[in-house]
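Architecture at a glance
Residue-level listing of the chains:
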Amino acid sequence: MKRHLVRSYVRTGVLGVTVGLGALLGAPGQSRASDHIDSPTLAHDHGSDLGDLYGFLDPNDNSQVVLIMTTNPFIISSEIIGQAIFDSNIRYRFEIENTGDAVPDMFLDVHYTKGIGRLQPQTATITLPNGKSFSAPTTPSDETDNPPAPVITTDPASGAKFFGGATDDPFFLDNTAANRFVLSSFANPGNPDRSVFQRGRDTYAGFNILVTAVRVPASMLKGKKSDVIGINAVTQRRRIQRQANGDVKGLGQWITVDRDGTPLVNNGLVPGPRKNEYNNASTGDDASGRFKADIVKDLKNLGTDDAHIAMLAAAAVDKGDILRLNLAIPNSGSGGGDNAAAKFPDGRRLKDDVVDAIFTIINNGVLLSDNVAGNEDTFRNEFPFVSKPVTPNPKGVTNPDDRTRL
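Because the structure is predicted, anything quoted here is derived from the model rather than measured. (Residues numbered from 1 in each chain as written. Predicted model: local features only at pLDDT ≥ 70, side-chain atom pairs only at ≥ 80, totals over all residues. Heavy atoms only, no water.)

Quick word on the layout of surface pockets
In this structure, the second largest pocket spans a volume of roughly 320 Å³. If you trace the second largest pocket, you find 18 residues lining it, with Thr262, Met311, Ala315, Phe344 and Pro345 closest to the centre. Put simply, the parts of the chain that give the lining of the second largest pocket at least two residues each are helix H4 (265–269), helix H8 (306–316), strand E13 (323–326) and helix H9 (354–362). When residues of the lining of the second largest pocket are assigned to their parent elements, the largest contribution, five residues, is made by H8. Residues belonging to the lining of the second largest pocket are distributed by class as follows: 16 nonpolar, one polar and one charged. (1 Å grid on protein atoms, 1.4 Å probe; cavity = no way out; pocket = protein on both sides within 12 Å on 5 of 7 lines; lining within 4 Å. Points joined across faces, edges and corners; volume = space filled by probe spheres on them. Helix = DSSP H or I, 4+ residues; strand = E, 2+ residues; numbered from the N terminus. Nonpolar A, V, L, I, M, F, W, Y, C, P; charged D, E, K, R; others polar.)

What follows is the structure, encoded as structure tokens:
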């Protein structure tokens, strides 16, 4: 007789046999980076866990938009051949909003076949907003000193490009200091401890993450009345996850497990008991005010005044927690772009120091920095722009430093 393990993902939260207890364990003030492990459920479901969302014009060709989502964070270099596997039961989705409200108008979806790691690529199916699809292999991972070059696939019909594989995590932040900052705001409401930002240690240095990256014509995403598009990343599982003989198959409606739009919103500003609910909700729920009171309360605890609370609400509440990119503002420079005109909050590039930008708004316009100014590795100058993956002791015994900076 076959034995079945069934998980149900329901609209009011992600609940089930293996994750139900996790929802009871969230600390009210816990912050976990841009979006890494931002809720109790995601502590148990790393495959669905979004790290970050990036959206920007290709600096080499501003007629193309680059969309990047990172998932399954904190992959250590010595396990990359066994952990660099996309979950075949997840729908990796970019939601595109191009009419100025909080409701997605089109979608770009990526599905992966089952994977086993160890130099074996998976096959991705990329479904474009026009409904047409193409297939592409992922880039396999190894543990050599010089990792494989990224495998880039171009769809001959649309010109869209795809990359899927493990890379160095492009996000940079002193997460320990950020956690201490948020926790101090609960101990001393309105007067958080800003002195915690003196370490200047990048928590994500030395860790890999899975990257799903596409480059598509801007004309495919642009609306009829505006040059501004909204971008939201979501990971979704079927409502029922059924396991038989070691394989998991999803059945029923797709349910959002994690989402990411504006960086640092859920992890830093949504209370722990509501983080699962927030991830399971929609950008329309944001605009309806479902989470606004809690976000405002936490900002008040952080000492943010009404004017700067309004700024953050305009970016991440009033029209949904959505990253917005103006296609009419040129992007240029190395590593995915670094000209001042196109920096966050106009989209988000790999080099953009979103942490300092958000913390400075929270600090009422007075510069507040985590003293981590950039990624520890160099970004590429062409698609997919992310760095190569971290490998174990890249120089062998002559350089045993694995670059981790917790």
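Comments concerning the pairing of strand E3 (residues 61–75)
Burial of E3 is extensive: 11 of the 15 residues sit out of reach of the surface. Where strand E2 (residues 50–58) and E3 come together, seven bridges link them in antiparallel fashion. Bridged to Tyr54 within E3 is Ile68. Remark: two residues form the turn of the hairpin made by E2 and E3, two consecutive strands paired antiparallel. In the sheet, E3 pairs with strand E10 (residues 208–217) via nine bridges, with the strands oriented antiparallel. By the bridge assignment, Val66 is partnered in E10 with Arg215. (Buried < 20%, exposed > 50% of the residue type's maximum accessible area, 1.4 Å probe, protein only. Pairing = 2+ DSSP bridges.)

Observations regarding unusual backbone geometry
Backbone torsion omega between Phe344 and Pro345 reads 20 degrees, so that peptide bond is classified as cis. Looking at the element boundaries, Pro345 is found in the loop between E13 and H9. A cis amide bond links Phe383 to the next residue, Pro384, at an omega of 10 degrees. Checked against the element boundaries, Pro384 lands in the segment after H9.

Focus: the sheet that holds E10
Across the sheet, which stays open at both edges, the five strands sit in the order E2-E3-E10-E9-E8 with antiparallel pairing between neighbours. This sheet does not close on itself; its edge strands, each paired only once, are E2 and strand E8 (153–154). Pairing of E8 with strand E9 (residues 161–168), which is carried by two bridges, proceeds in the antiparallel orientation. Bridge pairing links Thr154 to Lys161 in E9.

A closer look at the confidence of the model for the protein chain
Per-chain confidence: the protein chain averages 88 in pLDDT, with 87% of residues scoring 70 or above. Every residue in residues 1–32 scores below 50 in pLDDT, and together they form 77 contacts with partners more than four places removed in sequence or on other chains. (pLDDT = per-residue confidence, 0-100. Contact = heavy atoms within 4.5 Å.)

Focus on the pattern of salt bridges
For the structure on display, the rule yields 19 salt bridges. With a closest N to O distance of 3.6 Å, Lys114 and Asp247 form a salt bridge. Here Lys114 is found in the loop between strand E5 (106–112) and strand E6 (123–127), whereas its partner Asp247 is found in strand E12 (residues 247–260), with 133 residues between them in sequence. Overall, Lys114 belongs to the exposed group, its relative accessible area being 54%. Look at Asp247 and you get partly exposed, because its relative accessible area is 43%. Taking the shortest distance from any N to any O, the salt bridge between Arg199 and Asp174 comes out at 3.0 Å. With Arg199 in the loop between helix H2 (175–187) and E10 and Asp174 in the loop between E9 and H2, the pair connects residues that are 25 residues apart, well separated along the chain. Among the charged side chains, a network of salt bridges with common partners joins Arg274, Glu277, Asp285, Arg290 and Asp294. (Salt bridge = Lys/Arg side-chain N within 4 Å of Asp/Glu carboxyl O.)

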